[in-house]
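Summary of the model geometry
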Amino acid sequence: MSQQSLDQLCINTIRTLSIDAVQQANSGHPGAPMGLAPVVYTLWQEFLRYDPTDPAWPNRDRFVLSAGHASMLLYSMLHLAGVRKVNEKGEVQKELSVSMDEIKRFRQLGSRTPGHPESHLTSGVETTTGPLGQGIGNSVGMAIAGKWLAANFNQPGYEIFDFNVYSVCGDGDMMEGVGGEAASLAGHLGLANLCWIYDNNRVTLDGPASWSFSEDVMTRFVGYGWNVTRVADANNLLTLSRAYKTFLNTKDKPTLIVVDSHIGYGSPHKQDSYEAHGEPLGEAEVKLAKENYGWPVDAKFLVPDGVYKQFQDGVGARGSNEHNAWNAKFAEYAKKFPELATRVPKMQKRELPDGWDKNLPAFPPDAKGMATRESSGKVLNVLAQNIPWLVGGSADLAKSNKTNLTFPDAGDFFTNEYQGRNIHFGVREHAMGAAANGMALTLLRSFSATFFNFSDYMRPSMRLAALMEAPVLFIFTHDSIGVGEDGPTHQPVEQLASFRAMPNMMLLRPGDANEVTEAYKVALQRTHGPTTLVFSRQAIPTFDRTKFGPASGVAKGAYVLADAEGGKPDVILIGTGTELQHCVAAWEKLKAEGIKARVVSMPSWDLFEKQDAAYKESVLPAAVTARVSIEMAATLGWDRYVGPKGTMIGMHSFGASAPLKDLLKKFGFEPDNVVAAAKKLLGK
Ligand SMILES: Cc1ncc(C[n+]2csc(CCOP(=O)(O)OP(=O)(O)O)c2C)c(N)n1
Ligand SMILES: [Mg+2]
């Protein structure tokens, strides 16, 4: 068979596998895989530096399917290229990541081929995509990581990191705001290792894209500072190759390849239509499509002879050669630069360097104390010195968030100066979240920062971080109505409850400086999920730990900070963050009146829920039903801890613009209010 017809055979195999899997599942999108098969085939076969026998090779090119609804395209590629499964320990298995059986189980319970690609489930899936715009956002983080790794690891003659990041996206990705933010950031940073392939098929789910989308995308990207090129026919492999070469030859900016394509339908007469799609073709149309491809119309899940071999000879052989050459180079590198070399496997396993927690500050008791954003900044700076690959930044609020890394040599991550640790994301919270995810998937420990209220602008990315088990640190400051004069537009109320409701998101709101240190320790040791750290703008006391329970209790989510004599309280006061001080002050007043109270500091519901029943009972004894919670946020959920007889002091509005002391008074965040609630519960 000629090379050309072999290529065509492979492309049609990708198409028909996708068609058959969608048909069998009776749900999913066959059209995009059909249209994009030649685009992705050419990329993988000729350009993608990828070794299917080791999908975890650190210097592999990254391929991100941002159009996650086209998941069968990716599963077909992983299957045909023979990509292996990697187990939880990072060891490559003999087993395929996506076997034919998995393709047949597309979208079924427990399969490795869910409706949209999930990176924690399927080896070779670089990131979890589906919510449009996120994948391209992640790809910017991966490209940032690539540039950072190159700048920090490469040595003359040793290009240890020089991978490229490719992302396939569609009209939806181009319409989503996060995509625009991410493109703007990538263009600004001149990320020449980044290539987006835009499937310009001029159709979305409801109908022609022209119903809702008519801007000049190419001009927009030129404006962002991208290199833009176009392929007029998605089926022309030569011009596709040429476009990829243009990307590889562009050394100063990211590249957008606009590929004019036709979404796949069954019958040929529909190929120029922009009909609604996004459903299985149906048996009749499946046959028409197969006929059109010159395929045996009744064959299902057919991989014709020669197809696997073609992939092995293409992406497989090239990837294996490149990987072997890299291994040899890396072995030499390890001899010359052992300290740097030992970092790589550690980073890959999400381990921390020895001594990662040395020199962490222990804050002395201080009645005036400091804002938790302040102690956060101090702790973060120590951690970043101990962990050389802790990299991140803020969305233009670093000075307020106190997340600037200020130690000598911390440096900035600027265009063409990619060595620094401080990334300036600009006012782009959503792209920051998506990029932080991409960085965390690409060897780094990443952090982001903004005001807590603007977590709303990042929530989709945070949700995906939790789903895909990416250990990102989401740092937030200005965590309540405590922001004062900025008013309700800046005062988060429902955000705490919402992140507590998010599976696998670990949220901590520490109640003094030493709890901040402990919260960071928890966050850094987390390898399979993100952590949301919530800090105050305003100062709070640093408790005297010789008098009160140790801050190490943070690791258990909730602990007894101050107790009634003999450990038998009549009432429990539960606080988090800046309200913990009110519990302590109330406890002292109650004590003076002979009322036996206990203060429970509860920085993390998520951690507390992981404790055993005996520990929970030791902190919140079932027998003590008089309980008061206080938190400057929505009370939703606190009834779980105060019980049916307890009292919740919280926020029931969006706050107000006023000096802090007036707000505290108006909304009742004062010790006397806690005292009154406790006494009322006790009938005193
Ligand atoms: C954030 C988000 N909104 C909506 C959807 C639902 N959705 C899935 S595919 C699709 C159409 C997107 O059009 P396009 O990117 O052009 O893909 P094509 O239909 O051409 O494959 C939509 C709206 C989604 N996946 N993510
Ligand atoms: Mg489209």
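The structure under discussion appears in the preceding block.
Let us look at the structure shown here. Within every chain, residues take consecutive numbers counted from 1 along the sequence as written. Lettering of chains starts at A and numbering of ligands starts at 1, both following the order in which they are written. Side-chain atom pairs in this predicted model are given and counted only at pLDDT of 80 or more, local residue features only at pLDDT of at least 70, and totals for whole chains, interfaces and linings cover all residues. Side-chain numbers here rest on the full set of heavy atoms in the structure, without hydrogens or water.

1. Observations concerning the overall build of the protein chain
The criterion, for reference: A run of H or I in DSSP counts as a helix once it spans at least four residues, and a run of E counts as a strand once it spans at least two, with each numbered from the N terminus. With C-alpha atoms as the basis for the radius of gyration, the globule rule is written as 2.2 Å multiplied by the number of residues raised to the power 0.38. Exposure classes here rest on a 1.4 Å probe applied to the protein chains alone. A residue is buried below 20% of its type maximum, exposed above 50%, and partly exposed in between. Any two residues whose heavy atoms approach within 4.5 Å are treated as being in contact. A residue counts as positive if it is Lys or Arg and as negative if it is Asp or Glu; His and the chain ends are not included. Charge placement uses NZ in Lys and CZ in Arg. For Asp and Glu, CG and CD serve respectively.
Along the backbone of the protein chain there are 24 helices and 21 strands. The C-alpha atoms of the protein chain give 28 Å as radius of gyration, which agrees with the globular expectation for 684 residues (26 Å, within 12%). The principal-axis extent of the C-alpha atoms belonging to the protein chain is close to 95 × 60 × 45 Å. Taken across its 684 residues, the protein chain has 63% of its residues classed as buried. Here the analysis covers contacts within the protein chain between residues at least 6 apart in sequence; of these, 76% occur between residues at least 24 apart. Once the 68 positive and 73 negative side-chain charges of the protein chain are each reduced to a mean point, those two points are 5 Å apart.

2. Here we look at the site of ligand 1
The following threshold applies: Note on definitions. A residue lies near a molecule or strand when any single heavy atom of the residue is within 4 Å of it. Whenever a nitrogen or oxygen atom comes within 3.5 Å of another N or O atom, the pair is scored as a polar contact, on the condition that within protein one atom can donate a hydrogen and the other can accept it, and that pairs from neighbouring residues in sequence are kept only if both atoms are in side chains. In these tables, accessible area is a Shrake-Rupley quantity obtained with a 1.4 Å probe, and a residue counts as shielded only by the protein chains included in the view. Each residue receives one of three labels: charged for Asp, Glu, Lys and Arg, nonpolar for Ala, Val, Leu, Ile, Met, Phe, Trp, Tyr, Cys and Pro, and polar for the others, Gly being one of them.
Near ligand 1, the surroundings consist of 16 residues, among which His-69, Gly-130, Gly-172, Asn-201 and His-277 are the closest. Interatomic distance of 3.0 Å between a side-chain N/O atom of Asp-171 and an oxygen atom of ligand 1. With respect to ligand 1, the backbone of Val-203 contributes an N or O atom lying 2.9 Å from an oxygen atom. For ligand 1, the accessible surface in isolation is 580 Å², of which the surrounding protein chains cover 74%. Per-class residue counts for the shell around ligand 1 are six nonpolar, eight polar and two charged.

3. Observations regarding the packing of aromatic side chains
Our working rule: Note on aromatic contacts: the rings of Phe and Tyr and the six-membered ring of Trp form a pair at centre separations within 6.5 Å, being stacked when their planes are under 30 degrees apart, edge-to-face when over 60 apart, and tilted otherwise. Any Lys NZ or Arg CZ that is within 6 Å of a ring centre and within 35 degrees of that ring's normal is treated as a charge sitting over the ring.
For the coordinates displayed, the defined rule picks out 32 aromatic pairs. With 5.4 Å between their ring centres and 45 degrees between their planes, Trp-44 and Tyr-50 make a pair best called tilted. An aromatic cluster of three or more residues is present, and its members are Trp-57, Tyr-158, Trp-326, Phe-330, Tyr-333 and Phe-337. The ring of Trp-605 carries Arg-500 above its face, with NZ or CZ at 4.2 Å from the centroid. Sitting over the ring of Phe-667, Lys-666 keeps its end group 5.3 Å from the ring centre.

4. Some details on the coordination of the magnesium ion (ligand 2)
The criterion, for reference: Here a donor is any nitrogen, oxygen or sulfur atom (N, O, S) within 2.8 Å of the metal, with 3.2 Å used for Na, K and Ca; water is not among the atoms considered, so some sites may look incomplete.
Only Asp-171 (OD), Asn-201 (OD1) and Val-203 (O) from the protein coordinate the magnesium ion (ligand 2), and they sit 2.1 Å from it. Within one chain, the residues serving as donors to the magnesium ion (ligand 2) are arranged as D-x29-N-x1-V. Of this pair, Asp-171 sits in helix α6 (residues 171-175) while Asn-201 sits in the loop between β5 (194-200) and α8 (217-224), and the two are 30 residues apart along the sequence.

5. Some remarks on the packing of helix α13 (residues 372-386) against helix α18 (residues 513-524)
The condition is simple: Between N-to-C directions, angles cover 0 to 180 degrees, with each direction set by a line fitted to C-alpha atoms, over the stretch in contact for helices. If an angle is under 35 degrees, it is roughly parallel; if it is over 145, roughly antiparallel; if it lies from 65 to 115, roughly perpendicular; otherwise it is oblique. Two helices cross in a left-handed way if the nearer one is turned anticlockwise from the farther one by less than a right angle. They cross in a right-handed way if the turn is clockwise.
Packing of α13 against α18 brings their axes to within 9 Å, and their N-to-C directions diverge by 45 degrees. By the angle between their axes, α13 is oblique relative to α18. As α13 packs across α18, the resulting crossing turns out to be right-handed. Contacts between α13 and α18 pair Thr-372, Ser-375, Ser-376, Val-379, Leu-380 and Leu-383 from the former with Ala-513, Val-516, Thr-517, Tyr-520 and Leu-524 from the latter. Tallied by class, the residues present in the contact of α13 with α18 amount to seven nonpolar, four polar and no charged.

6. Quick look at the sheet that holds strand β20 (residues 627-634)
Our working definition: Strands are labelled as partners when DSSP assigns at least two bridges between them.
The strand order across the open sheet formed by five strands is β17-β19-β18-β20-β21, and the pairing between neighbours is mixed. This sheet does not close on itself; its edge strands, each paired only once, are β17 (559-562) and β21 (647-651). Going across the sheet, the axis of each strand differs from the next one's by a mean of 25 degrees, ignoring polarity. As paired elements, β20 and β21 share four bridges and run parallel to each other. Among the inter-strand pairings, Ser-629 is bridged to a residue of β21, identified as Met-648. Where helix α19 (residues 580-592) meets the sheet, it contacts β17, β18 (571-575), β19 (597-601) and β20, and its direction lies at approximately 170 degrees from that of β19.

7. Observations concerning the environment of Val-391
As for its position among the elements, Val-391 is in strand β9 (residues 390-394). A relative accessible area of 1% means that Val-391 is categorised as buried. Each C-alpha atom of the pair Val-391 and Met-439 lies 8.7 Å from the other, and the pair is 48 residues apart in sequence. Apart from residues no more than four positions distant in its own chain, Val-391 is found in contact with Trp-148, Gly-420, Arg-421, Ile-423, Met-439, Leu-444, Arg-445, Ser-446 and Phe-447.

8. Observations regarding the side chain of Asn-401
Among the secondary structure elements, Asn-401 is positioned in helix α14 (residues 398-401). Residue contacts for Asn-401: discarding those within four places in its chain leaves Arg-373, Ser-394, Ala-449, Thr-450, Phe-451 and Thr-477.

9. A short note on unusual backbone geometry
Not every positive phi belongs to a glycine, and Asn-26 is a case in point at roughly 60 degrees. With respect to the helices and strands, Asn-26 occurs in the loop between α1 (3-25) and α2 (31-47). Looking at Asn-26, the relative accessible area reads 56%, which means it is exposed. One non-glycine residue, Phe-301, lies in positive phi territory at about 50 degrees. For Phe-301, the location among the structural elements is in the loop between α10 (283-292) and α11 (307-336).

10. Here's the deal with the pattern of salt bridges
Operational definition: Salt-bridge detection follows one rule: a side-chain nitrogen of Lys or Arg within 4 Å of a carboxyl oxygen of Asp or Glu.
Counting across every chain of the model gives 25 salt bridges. Across the pair Lys-521 and Glu-518 runs a salt bridge, and its minimum N-O distance is 3.4 Å. Taken together, the positions of Lys-521 and Glu-518, both in helix α18 and three residues apart, correspond to about one turn of that helix. Under the relative-accessibility criterion, Lys-521 is labelled partly exposed at 24%. According to the relative accessible area criterion, Glu-518 is buried, its value standing at 16%. A salt bridge links Glu-609 to Arg-640, with the shortest nitrogen-to-oxygen separation between them at 3.6 Å. With Glu-609 in helix α20 (residues 605-609) and Arg-640 in helix α22 (residues 639-642), this pair connects stretches of sequence that are 31 residues apart. Residue classification places Glu-609 among the partly exposed residues on the basis of a relative accessible area of 34%. Linked by salt bridges that have partners in common, Arg-49, Asp-61 and Asp-162 make up one network.

11. Observations concerning the packing of α2 against helix α9 (residues 237-249)
Contact geometry of α2 with α9 gives a least axis separation of 10 Å together with a crossing angle of 55 degrees. With respect to their mutual orientation, α2 and α9 come out oblique. The crossing of α2 and α9 is right-handed. Judged by residue contacts, Pro-38, Val-39, Thr-42, Leu-43, Glu-46 and Phe-47 of α2 engage Leu-237, Leu-240, Ser-241, Tyr-244, Lys-245 and Leu-248 from α9.

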